[in-house]
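Here are the chains, one letter per residue:
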Amino acid sequence: MPNDKKIILVTGASSGIGAAVAARLVREGHRVVAGARRTDRLDALAGRTAKEPGSLHPVRLDVTDRGDVEAFVRTACDRFGRVDAMVANAGIMPLSRLDALLVDEWDRMIDVNVRGLLYSIAAALPRFTAQDSGHFVTIASIGAREVTPTAAVYCGTKYAARAITEGLRQESAPSIRVTTVSPGVVASELADSITDPGAAAAMRDYRANAIDPDAIAGAVSYALAQPADVDVNEIVVRPAAQR
Ligand code: NDP
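By convention here, each chain's residues receive numbers from 1 onward along its written sequence. Local features are withheld for residues below a pLDDT of 70 in this predicted model, meaning they are given only at 70 or higher, and side-chain atom pairs are given and counted only at 80 or more; totals for whole chains, interfaces and linings count all residues. Values reported for side chains reflect all heavy atoms of the structure, with hydrogen atoms and water molecules removed beforehand.

Looking up the protein in an unreviewed UniProt entry gives the name SDR family oxidoreductase, with the organism given as Actinomadura sediminis. In its Sequence similarities (unreviewed entry) section, UniProt records this for the protein: "Belongs to the short-chain dehydrogenases/reductases (SDR) family." UniProt positions are given in the numbering used here, feature names are shortened, and annotations may be inferred rather than shown by experiment.

Here is the structure:
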């Protein structure tokens, strides 16, 4: 399959990193099936990329609903006959200290960041196996490698995402490639979900050096562009100013 015509699914493509990944892949000539709950954002992205060499196909998707994720993959297969890659990017980050006991927010992070990833694997893996080819890319985080105060649960979900993705890599046939991309601080809407005032204030300083989401899109593009016998296992991309 020529590299410039892959069928690539991106979850959480309505803003931030997912939107940048989807837009870059469309610029590179791929057909991108873009999923998220805010379909108005996906439609706007399709409009902005309409003149690019590839194409963007919006699909309403809630990654916490297993049926939704299965339908997302099925839609791509029905339309294009195969799926070459899935970028599991959807995620939320409502940070808080554990003693704030924002248990509903812990549950939501586990649902989106962990269950959503598992449902994405469950939907894509049988297709990849049947095709004897595929590439699974997880957007984890530097929070998958180090823990900071207010981020215990978020980091827990990202450590899980990194572990699950590494397990997928180890268990997969060589025809199925698996990549973890772990960003540092990137400009996006991610911190908007923080309801805890202390965590929100700390994040404003922490995020001052945020880099453009296209830096992460470049890393995803690099991994996807490798020849079939080369698997980029893991990429960490931080702002140069981030320690
Ligand atoms: P944004 O908040 O800008 O984007 C998050 C995306 O996830 C949105 O498109 C949102 O779409 C989607 N999403 C959230 N919940 C669901 C759901 N239930 N079903 C489907 N889609 C969902 O943040 P980022 O772009 O920064 O985050 C993207 C990923 O990058 C996340 O996994 C995040 O953890 C990770 N990351 C981000 C970093 C950063 O500094 N920005 C650093 C390290 C990792 P919608 O609401 O329309 O459904």
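Novice: Help me understand the sheet that holds strand E1 (residues 7-11), please; the structure alone is not making it clear to me.
Specialist: Whenever strands of a sheet pair, they do so through backbone hydrogen bonds, lying parallel or antiparallel. Pairing between strands is defined by DSSP: at least two bridges between them are needed. Labels follow the DSSP assignment, with helices taken as runs of H or I lasting at least four residues and strands as runs of E lasting at least two, numbered in each case from the N terminus. As summarised here, the arrangement of the 7 strands in space is E3-E2-E1-E4-E5-E6-E7, forming an open sheet in which the pairing is parallel. Two strands lie at the open edges of the sheet, namely strand E3 (55-60) and strand E7 (234-237), each paired on one side alone. The mean angle between the axes of side-by-side strands here comes to 15°, regardless of whether they run parallel or antiparallel. Where strand E6 (residues 176-183) and E7 come together, 4 bridges link them in parallel fashion. Bridge pairing links Thr 180 to Glu 234 in E7. We call two residues contacting when some pair of their heavy atoms lies within 4.5 Å. Axis lines are fitted through C-alpha atoms, for helices just across the contact stretch, and the angle between N-to-C directions can take any value from 0 to 180 degrees. Relative to E1, helix H1 (residues 16-27) is tilted by about 165°, and along the sheet it contacts E1, strand E2 (31-36), E3, strand E4 (85-88) and E6. Contacts from helix H5 (residues 152-171) reach strand E5 (134-139), E6 and E7 within the one sheet, and its direction differs from that of E6 by about 160°.

Novice: What is the right way to look at the packing of H1 against helix H7 (residues 214-224) in this model?
Specialist: Helix packing for two helices is described by the angle between their axes and how far apart those axes are. Between H1 and H7, the shortest axis-to-axis distance is 8 Å and the interhelical angle comes to 50°. For the element pair H1 / H7, the angle class is oblique. Taken as a pair, H1 and H7 cross one another with a handedness that is right-handed. Residues Ile 17, Ala 20, Val 21, Arg 24, Leu 25 and Arg 27 of H1 form the contact with H7, whose participating residues are Asp 214, Ile 216, Ala 217, Gly 218, Val 220, Ser 221 and Leu 224. The class makeup of the residues in the contact of H1 with H7 is 8 nonpolar, 2 polar and 3 charged. Roughly parallel refers to an angle under 35 degrees, roughly antiparallel to one over 145, roughly perpendicular to one between 65 and 115, and oblique to any angle outside these ranges. By convention, the crossing between two helices is left-handed when the near helix turns anticlockwise from the far helix through less than a right angle, and right-handed when the turn is clockwise. Polar here means any residue outside two lists: the nonpolar Ala, Val, Leu, Ile, Met, Phe, Trp, Tyr, Cys and Pro, and the charged Asp, Glu, Lys and Arg; Gly therefore counts as polar.

Novice: Is there a simple way to think about the site of the ligand in this case?
Specialist: Within the structure, the ligand sits among 31 residues, and Ser 14, Ile 17, Arg 37, Tyr 154 and Ser 188 are positioned closest to it. The term polar contact refers here to a pair of N or O atoms within 3.5 Å; inside protein, the definition further demands a hydrogen-donor-capable atom paired with an acceptor-capable atom, and it admits residues adjacent in sequence only when both atoms are side-chain atoms. Gly 12 places a main-chain nitrogen or oxygen 2.9 Å from an oxygen atom of the ligand. Take Leu 190: an N or O atom from its main chain is 3.3 Å from an oxygen atom of the ligand. At the level of elements, H1 and H5 are the ones that each hand at least two residues to the shell around the ligand. A class-by-class count of the residues in the shell around the ligand yields 15 nonpolar, 10 polar and 6 charged. Summary of the distance rule: residues count as near a molecule or strand when at least one heavy atom falls within 4 Å of that molecule or strand.

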